[in-house]
Amino acid sequence: MTTLVIESTRSGFVESLHTVSVAVVSAEGTRVAYAGDPERVTFWRSAAKPFQTLPLVQDGAADRYGFGPRELALACASHSSEPVHRALAVQMLSACGCEERDLACGPHPPLSPAVAEEALKAGVVMTPRWNNCSGKHAGMLALARHHGWDVHGYASDGHPVQERIQDEIAKWTGLPRDALVKAVDGCLAVCFGLPLSGMATAWARFGVSEAPAARRLREAMLAHPELVGGKGRACTDLMTAFGGEAVVKIGAEGVYCAALPRARLGVAIKVEDGDARCAPPALLAVLRLVAEAQGLSLPMTGLEHHAEPRILNTRNEVVGSLRAAGNLAFV
């Protein structure tokens, strides 16, 4: 079996290994490369957000409430709770006649260490707008308002919003609805379990689709990567550096997905032990290997801190790093 691992080193010694499963699939649904188990079933988590947002655009809710590229980027985001993110989420709620109290997602410390530290020092009492998924939830509420559905329970399984989203997930992954495993995500919305190959297929199609809704979301994410993640976050830095050559979105528990439009490929990875630190270097390693095999130009300059994150001690001294080792099997 071809393996890809992230090595955690300390003083030059490999202290631990994090195995990564990978699926690289074409927009036509053909497997192009893999590592580990490309049929591994796991939850898509936040890497599904563009597909959860598609009904917002397709059904006319985005246009009805004046959601442009910035709002659509935030709906696809796992944001850092920066002021711009929180303010935009509130604006989206207001536009569709909702309030922050309508958000099903609860607050949590910001994903950005810098923003989290600032909030702690200021003694901020966090509210749902601080949730990294508040843009997605504002979009779900807008979809409910647009259709005249009850906003109560909009994030729960069986609500028309989630039923509409499930139809879209099935369509883009090519999987039957009853093949999708359903669970509750960290933000309370429904999350979907499916094979990595299905995720990669959906992302490959998303990268090249000329369907108006898919194109608008793809262009929104590429135009506003700072809203998809935040300052210093991998999603933001990768899409900025690649200049339209890749659309990427992280998920929890070591999941990361990407579309390579020029190559008509989609990528899905899962760090098997769920270590979120390992997802960015794993994705970058996969993108580098795929780019080399496909003759693509993906500039890696400036992404070294994501490709090999440093491990620090309590004095902020570098004592090791996370680094990728291994390869992909190309079919």
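Scroll up a little and you will see the structure.
Residues numbered from 1 in each chain as written. Predicted model: local features only at pLDDT ≥ 70, side-chain atom pairs only at ≥ 80, totals over all residues. Heavy atoms only, no water.

Colleague: Give me the overall build of the protein: which residues, what numbers.
Modeller: For the protein, the helix and strand inventory stands at 13 helices and 12 strands. A compact globule built from 331 residues should have a C-alpha radius of gyration of about 20 Å, and the protein, at 19 Å, falls within 12% of that. Taken along its principal axes, the extent of the C-alpha atoms in the protein is 55 × 50 × 35 Å. By the burial criterion, 56% of the 331 residues in the protein qualify as buried. A total accessible area of about 13,200 Å² is found for the protein, and carbon and sulfur atoms account for 52% of it. (Helix = DSSP H or I, 4+ residues; strand = E, 2+ residues; numbered from the N terminus. Rg over C-alpha atoms; globule rule 2.2 N^0.38 Å. Buried < 20%, exposed > 50% of the residue type's maximum accessible area, 1.4 Å probe, protein only. Areas by Shrake-Rupley, 256 points an atom, 1.4 Å probe, with all protein chains shown as cover.)

Colleague: Please set out the pattern of salt bridges residue by residue, giving values where relevant.
Modeller: Tallied over the full model, the rule gives 21 salt bridges. In this structure, R177 and E163 form a salt bridge, with 2.7 Å as the shortest nitrogen-oxygen distance. One end of the pair, R177, is in the loop between α7 (160–173) and β5 (181–184); the other, E163, is in helix α7, with 14 residues separating them in the sequence. Take R177: its relative accessible area is 29%, and that puts it in the partly exposed class. Each of D59, R164, E168 and K171 takes part in a single network of salt bridges with overlapping partners. (Salt bridge = Lys/Arg side-chain N within 4 Å of Asp/Glu carboxyl O.)

Colleague: Go over the pairing of strand β9 (residues 265–271), please, and point to the residues and values.
Modeller: Of all seven residues that make up β9, seven are buried, and the element is covered over most of its length. Side chains L265, V267, I269 and V271 project from β9 onto one buried face, and the interleaved G266, A268 and K270 project onto a second face that is buried too. In this sheet, β9 lies alongside strand β2 (residues 13–26) in antiparallel orientation, the contact comprising seven bridges. Across the sheet, the residue bridging to S21 is K270, located in β9. (Pairing = 2+ DSSP bridges.)

Colleague: Tell me about unusual backbone geometry, and please be specific about residues and values.
Modeller: A positive phi angle, near 65 degrees, is found at S81, a position not held by glycine. Turning to its location among the elements, S81 is positioned in the loop between α3 (69–75) and α4 (83–95). The backbone phi angle of N316 is positive, close to 60 degrees, even though this residue is not glycine. Note on placement: N316 falls in the loop between β10 (310–312) and β11 (318–326).

Colleague: So, α4: which residues are in play, and what are the values?
Modeller: Look at α4: 18 Å from first C-alpha to last across 13 residues, which is about the 18 Å you get at 1.5 Å a residue. For α4, the complete set of buried residues consists of H85, R86, L88, A89, M92 and L93. Burial along α4 is one-sided: seen end-on, the buried residues are contained in an arc of 165 degrees. The outward face of α4, more than 90 degrees from its buried face, is lined by the exposed residues P83 and S94. On its buried face, α4 sits against α3, α6 (134–147) and α10 (225–228). Immediately downstream of α4, the backbone of G97 shows phi near 75 degrees, a positive value. (Expected span 1.5 Å × (residues − 1). Arc of directions from axis to C-beta. Contact = heavy atoms within 4.5 Å.)

Colleague: Describe the pairing of strand β7 (residues 247–251), and please don't skip the residues or the numbers.
Modeller: Remember that side chains alternate between the two faces of the sheet whenever the strand is regular. Judged by how many residues are buried, β7 sits mostly within the fold: five of five residues are covered. Along β7, one buried face is formed by V247, K249 and G251 and the opposite face, lined by V248 and I250, is buried too. Pairing geometry for β7 and strand β8 (residues 255–260), over five bridges, is antiparallel. Paired with V248 across the strands is A258, a residue of β8. Adjacent in sequence and paired antiparallel, β7 and β8 are bridged by three residues, among which E253 carries a positive phi angle near 55 degrees.

Colleague: Describe the packing of aromatic side chains, and please don't skip the residues or the numbers.
Modeller: A ring pair, where both rings are aromatic, is described by two values, the distance of the centres and the angle of the planes. The tally for this structure, following the rule as stated, stands at six aromatic pairs. Relative to F206, the ring of W203 lies with its centre 5.6 Å away and its plane at 75 degrees, an arrangement referred to as edge-to-face. With a gap of three residues between them, W203 and F206 both fall in helix α8 (residues 196–208), about one helical turn apart. Both residues of the pair, W203 and F206, count as buried. The ring of W130 has R86 lying over it, and the distance from NZ or CZ to the ring centre is 3.9 Å. (Phe/Tyr/Trp six-rings, centres within 6.5 Å; stacked < 30°, edge-to-face > 60°. Lys NZ or Arg CZ within 6 Å of the ring centre and 35° of its normal.)

Colleague: So what's going on with the sheet that holds strand β4 (residues 41–43)? Which residues, and what values?
Modeller: Reading across the sheet, the three strands line up as β4-β6-β5 and stay open at both edges, with antiparallel pairing between neighbours. Taken across any chain shown, the strands that pair with only one partner, and hence form the sheet edges, are β4 and β5. The mean inter-strand angle of the sheet, taken between neighbouring strand axes irrespective of direction, is 30 degrees. Note that β5 and strand β6 (residues 190–195) share four bridges and pair antiparallel. Along β6, the bridge assignment pairs A183 with C191. (Axes fitted to C-alpha atoms, helices over the stretch in contact; angles between N-to-C directions.)

Colleague: Tell me about α7, and name the residues and values.
Modeller: Taking 1.5 Å per residue as the helical rise, α7 with its 14 residues ought to reach 20 Å, and the 20 Å between its terminal C-alpha atoms agrees with that figure. Of all the 14 residues making up α7, 10 are buried; the element is thus mostly covered by neighbouring parts of the structure. Residues V161, Q162, R164, I165, Q166, E168, I169, A170, W172 and T173 constitute the buried set of α7. Packing partners of the buried residues in α7 comprise α1 (49–58), α6, β5, β6, α8 and α9 (212–223). Backbone geometry just after α7 places G174 at a positive phi near 80 degrees.

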